[in-house]
Amino acid sequence: MRFVETGKGSFFGDYIYDQVVPKGHFFRQLQGVVDWSRFTERLISLYKGGGEYGRAPYDPVVMLKMLLVAYLYNLSERQVESYVNENLPAKWFVGLAVDRSAPDHSSLTEFKGRLVAKGNLEAVNGLLGEIVGTALAKGIRFGSIQVVDSVHSVANVNTAKDEGRKKDGKGPRDPDAKWGTKHSRKVKDEEGRTVLQREHFHGYKAHVSMNAESGIITSVIATPGNSYDGHQLPELVERDLGAGVPVETVAGDRGYDDGENHYFLKCKGLHSALRLNDYRLRESNRNGDLWQRLAATPQYQAGRRERYKIERKFGEAKQSHGLGRCRYLGLIRFTIQAVMTAMVLNLKRLVKQLTGVGFKTPSSAQSYSNCAV
């Protein structure tokens, strides 16, 4: 394989970095806990001729690491180009000598296009699978409880202007984005009656399965915002089982309390800790005894106690890594965002558990000069 020369083994690529990048820096630890050559092998097939002819490309790991830095610090692709050029630990991690310039933002756009060429998401999902496989191989302790839930991301669309586009006979800015329900709650109206109040959003959902003990996100599915959470559970579980995750119990909120999901888990030999809706447990329900027995099982109780952990993970994803709003247009590109966000969350967790070094989130992710050492 032939790649653009980055000067990593030169005087400017080794000696200077040894003097200025601390041995305990997060990026040094991150470099050591993952076999990055596996990503080269996985991604080079996306290049015409496997990179063997035509203009030499950057090693795809260089491009992948650029994206990871962007998501770690919640930077745009234009910003991460400047950040890597100005921040020596980041430049060292990406694999560039001090005197080499980072790939420009248009190269990152082209790299993303390769990941989703012809609408095939296998390469994107494979990136997350490599990280999960690394966690399992490195001996990260996985518990038996998987927690499933969804997190919403607002589309990169001004909905008021979008309505004006429709009136002018134009299509929506992001046709894949849909209106969905963020959450529902019971409130009192002006007449004192209890009514159901719904808050809506326009965008997408990332449906996530996370191991409760390790805190590692094991699978992600992206959908438009109007999708039903419960329909995604079987695919999430199938992916977890295929990855070798030692799942025994699946926990989720009431949105997953669907008879078909309970039956699916039973057929897979798994315990259900999907929170039951109140109507199932009422004495008037002819199957109430069945659901009450399920609710009394230790697996159901344990799963309910672990469910809060995924909400905490979503908070981290939104507050520190920008998942609250879409970076791109279209479902396929939102999938990139959802998976890359899951990857950086997992990598932070891996480094912390294996080395004890934590990632320091800057006070302002956009003020990337604050991140320099």
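The structure under discussion appears in the preceding block.
Residues numbered from 1 in each chain as written. Predicted model: local features only at pLDDT ≥ 70, side-chain atom pairs only at ≥ 80, totals over all residues. Heavy atoms only, no water.

1. Quick word on the packing of aromatic side chains
So, point 1. Evaluation of the coordinates by the stated rule reveals 9 aromatic pairs.
So, point 2. Between Tyr73 and Phe359, the ring centres sit 5.3 Å apart and the planes meet at 55 degrees, which makes this aromatic pair tilted. On the criterion of sequence distance, the pair formed by Tyr73 in the loop between helix H4 (60–72) and helix H5 (77–86) and Phe359 in the segment after helix H15 (331–355) is long-range, its members being 286 residues apart. Here Tyr73 matches Phe359 in class, with each residue buried.
So, point 3. Aromatic side chains Tyr204 and Phe334 sit 5.1 Å apart centroid to centroid with 15 degrees between the ring planes, which places their arrangement in the stacked category. Of this pair, Tyr204 sits in strand E3 (residues 194–211) while Phe334 sits in helix H15, and the two are 130 residues apart along the sequence.
So, point 4. Under the relative-accessibility criterion, Tyr204 is labelled buried at 0%.
So, point 5. Every member of this aromatic cluster is reached through a ring pair, and the members are Phe26, Phe27, Trp36, Phe39, Tyr73, Tyr83, Phe93 and Phe359. (Phe/Tyr/Trp six-rings, centres within 6.5 Å; stacked < 30°, edge-to-face > 60°. Helix = DSSP H or I, 4+ residues; strand = E, 2+ residues; numbered from the N terminus. Buried < 20%, exposed > 50% of the residue type's maximum accessible area, 1.4 Å probe, protein only.)

2. Some thoughts on the environment of Thr181
So, point 1. For Thr181, the location among the structural elements is in strand E2 (residues 178–188).
So, point 2. Once the C-alpha coordinates of Thr181 and Gly225 are considered, the two residues, 44 residues apart in sequence, prove to be 7.7 Å apart.

3. A short note on the pattern of salt bridges
Two side chains with opposite charge may pair up if their charged atoms get near one another.
So, point 1. Counting across every chain of the model gives 21 salt bridges.
So, point 2. With a closest N to O distance of 3.2 Å, Arg42 and Glu130 form a salt bridge. Within this pair, whereas Arg42 is found in helix H3 (residues 37–43), its partner Glu130 is found in helix H8 (residues 122–137), the two being separated by 88 residues in sequence.
So, point 3. Overall, Arg42 belongs to the partly exposed group, its relative accessible area being 33%.
So, point 4. Owing to a relative accessible area of 8%, Glu130 belongs among the buried residues under this scheme.
So, point 5. A salt bridge links Glu110 to Arg114; its shortest N-O distance comes to 3.0 Å. In this pair, Glu110 and Arg114 are both assigned in helix H7 (residues 105–115), 4 residues apart and thus about one turn of the helix distant.
So, point 6. Connected through shared salt-bridge partners, Asp149, Asp253, Arg307 and Glu311 make up one network. (Salt bridge = Lys/Arg side-chain N within 4 Å of Asp/Glu carboxyl O.)

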